[in-house]
Amino acid sequence: MFLTRKLTHSAALGAVSLWISGCNPVKTVSAPACPTIPYATQLITSATFTMGATRTYPEEAERVGRVGNYDIDAHEVTNAQFAAFIDATGYITTAEKPQVGFDVEGAAVFMPPNADNPNWWRFVPGATWHQPEGPGSSIKGQGTYPVVQVSYEDALAYAAWSKRDLPTEAEWEYAAGAGAASQYVWGDERTPSGKEMANTWQGTFPLENTQNDGFDLRAPVGCFPANTHGLYDMIGNVWEWTKSDTPSSSAAPTYVIKGGSYLCAENYCARYRSAARQFQEADLPTNHIGFRTVSRQDPDDTRK
Ligand SMILES: [Ca+2]
Ligand SMILES: [Ca+2]
C-alpha cells in the first residue's frame, strides 16, 4: 500500500513519499562471481589539477583543484567493515533513529515508479544499513558489498573510529579521474568492446534495467576493473560521501557526493564520471550512497 502524499522533499532525490511495505521489494539477481578484494589503500601524491568539466552539467564548471599527499581506500567501505565498527562501538546510525519529516526510523529506498506512485524514492520505515531495502531485506552473505543507508554523520563516525577521514571533493575527484581528459576515466567509450566498466544502470531508467553488467542493485566491491590508481568502483556501484559542503536551501547541511551509482543510466543522471557531483542532505540515508576513507600525510591539509 502506498501513501501518496509527499511528506518531504530532498534536493538530491526529489520527492520522497512514505512506503508502508508488507512485501520485500528487492529483486533476486543471479550475479556473476567477483574476486575477493583485500582491504588496501593507495597513495596519492600532491597535485594541482583541473576539477570539473565543461561538456556536461553546469554544476561541474571547471576550477582549480589542489590535493596534498594522502592515501585512499582501494574500495568502498563494506558491510563487514561497517559491522566491525558497530560491534566495537555500539554506534546507532541516523536511519535507526526517528527521521526528520517522518518521525519514525527508516531511510530512502529506490523503487521503480508505478501507476499508484510516480516517485522513485520512498521513505521506508525500518530501512537501515543491515536491511538496506527495508524489512525483509538483508545483508546476509553480503559482507563484501558496500555499506549503504549511512548518513554523512555515520560515514564520518566510521572514518574517525578507523583513525581516518572522509575525502574532500578534490581528493576524491583527483583519485578517481587520475588526470584523465576523456569522458570516462577509462576512455571516451562507456563500454569499450562492449564491456561494462562499472556497476551502473543499463536500459531506460527508471523502468527497465537490463542488468548487462550483472547487477540489479549493488555489486561486491572490486567486481569491475580498477582505475590507474588501483582504486575500484570510483565510478558506479554506490555514490560516495565527501566532506566538501555546499550551499543549500534545505534545512539540513548538504555535502557533495561523487561517482554515481548503480542507478545512473545514459538517459538519466549519467554522473558516472570523475567530474560529476551531486548535493546530498547530510541526514538523509539512501540505499545508493556509501563512502570510502582517506588518511592525509598532514592531517590538517585539506586544501581546495
Ligand atoms: Ca547494474
Ligand atoms: Ca562508488
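Within each chain, residue numbers correspond to sequence positions counted from 1 in written order. Lettering of chains starts at A and numbering of ligands starts at 1, both following the order in which they are written. In keeping with the model being predicted, local features are shown solely for residues with a pLDDT of at least 70 and side-chain atom pairs are shown and tallied solely at 80 or more, while totals for entire chains, interfaces and linings include all residues.

Caption draft 1: The arrangement of the overall build of the protein in detail. Secondary structure elements are defined from DSSP: runs of H or I of at least 4 residues count as helices, runs of E of at least 2 residues count as strands, and each element is numbered from the N terminus. For the protein, the helix and strand inventory stands at 3 helices and 13 strands. Put simply, the protein has 304 residues, and 45% of those count as buried. Long-range contacts, defined as pairs at least 24 residues apart, comprise 69% of the intrachain contacts of the protein with a sequence gap of at least 6. Labels follow a simple rule on C-beta atoms placed from the backbone: if 20 or more others lie within 10 Å of a residue's own, it is buried; if 12 or fewer, it is exposed; otherwise it is partly exposed. Contacts here follow a simple rule: the backbone-placed C-beta atoms of the two residues must lie within 7 Å.

Caption draft 2: Layout of the sheet that holds strand β13 (residues 294-296). Taken together, 3 strands build an open sheet; the order of strands is β3-β6-β13 and the sheet is antiparallel. Only two strands of the sheet have a single partner each, and these edge strands are β3 (41-44) and β13. On average, each strand axis in the sheet is tilted by 20° relative to the strand beside it, whichever way the strands run. Between any two strands, at least two bridges found by DSSP are needed for them to pair. Judged from the 4 bridges that link them, β3 and strand β6 (residues 70-73) form a sheet pairing that is antiparallel. Paired with Thr41 across the strands is Asp73, a residue of β6. Between the N-to-C directions of two axes lies an angle of 0 to 180 degrees, each axis being a line fitted to C-alpha atoms and, for a helix, fitted only over the stretch in contact. Across the sheet, helix α3 (residues 169-177) lies against β3, β6 and β13, angled at about 70° from β6, the strand it touches most.

Caption draft 3: Quick look at the pairing of β6. Note that β6 and β13 share 3 bridges and pair antiparallel. Each bridged residue has a counterpart across the sheet, and for Tyr70 the counterpart in β13 is Arg296.

Caption draft 4: Highlighting unusual backbone geometry. Look at the link from Phe205 to Pro206: it is a cis peptide, with omega at 0°. Of note in this structure, Ser193 is not a glycine but carries a positive phi near 55°.

Caption draft 5: Spatial organisation of the sheet that holds strand β12 (residues 289-290). The strand order across the open sheet formed by 4 strands is β11-β10-β9-β12, and the pairing between neighbours is mixed. Among the strands making up the open sheet, the edge pair consists of β11 (277-281) and β12. Along the sheet, α3 makes contact with β9 (239-246), β10 (254-258) and β11, crossing β10 at roughly 5°.

Caption draft 6: Geometry of the nonpolar core. Linking buried Ala, Val, Leu, Ile, Met, Phe, Trp, Tyr and Cys residues through C-beta atoms within 7 Å yields a set, and such a set is a nonpolar core. Counting residues in each nonpolar core, the largest one holds 33 residues, and the members touching the most others are Ile44, Ile72, Ala175, Ala176, Leu231 and Ile235. At 5 residues, the largest contribution of residues to this core is made by α3. Once residues lying within four places of it in the same chain are set aside, the contact partners of Ala175 are Ile44, Ile72, His229, Leu231 and Met234. With 31 residues, the next largest nonpolar core counts Ala95, Ala127, Val238 and Phe291 among its residues.

Caption draft 7: Structural context of α3. Of all 9 residues making up α3, 9 are buried, and the element is well covered by its neighbours. The complete set of buried residues in α3 reads Glu169, Ala170, Glu171, Trp172, Glu173, Tyr174, Ala175, Ala176 and Gly177.

Caption draft 8: Inspection of helix α1 (residues 79-89) at higher detail. All buried positions along α1 are accounted for by Asn79, Gln81 and Phe82. Mapping the buried residues of α1 onto a view down its axis gives an arc of 165°, with all of them on the same face. Exposed positions of α1 whose direction lies more than 90 degrees from the buried face are Asp87 and Ala88. Elements in contact with the buried residues of α1: α2 (152-161). Looking one or two residues beyond α1, the residue adopting positive phi is Gly90, at roughly 70°. The arc under discussion is defined with respect to the helix axis, by the directions toward the C-beta atoms.

Caption draft 9: Molecular detail of the confidence of the model for the protein. Averaged over every residue, the pLDDT of the protein is 87; residues scoring 70 or more account for 87%. Per residue, pLDDT captures the predictor's confidence, and it can take any value from 0 to 100. For residues 20-29, every residue scores under 50 in pLDDT, and the model assigns this stretch 16 contacts once sequence neighbours within four places are set aside.

Caption draft 10: A look at the environment of Trp120. Along the polypeptide, Trp120 turns up in the loop between β7 (106-110) and β8 (121-125). Classification of Trp120 as buried rests on a count of 22 C-beta atoms within 10 Å. Considered as a pair, Trp120 and Leu207 are 87 residues apart in the sequence and their alpha carbons are 9.8 Å apart. Excluding its chain neighbours within four sequence positions, the residues that come into contact with Trp120 are Phe110, Met111, Pro112, Pro113 and Pro206.

Caption draft 11: Quick look at the environment of Ala160. Positionally, Ala160 belongs in helix α2. Distance from Ala160 to Thr293, taken between C-alpha atoms, is 9.5 Å for residues 133 residues apart in sequence.

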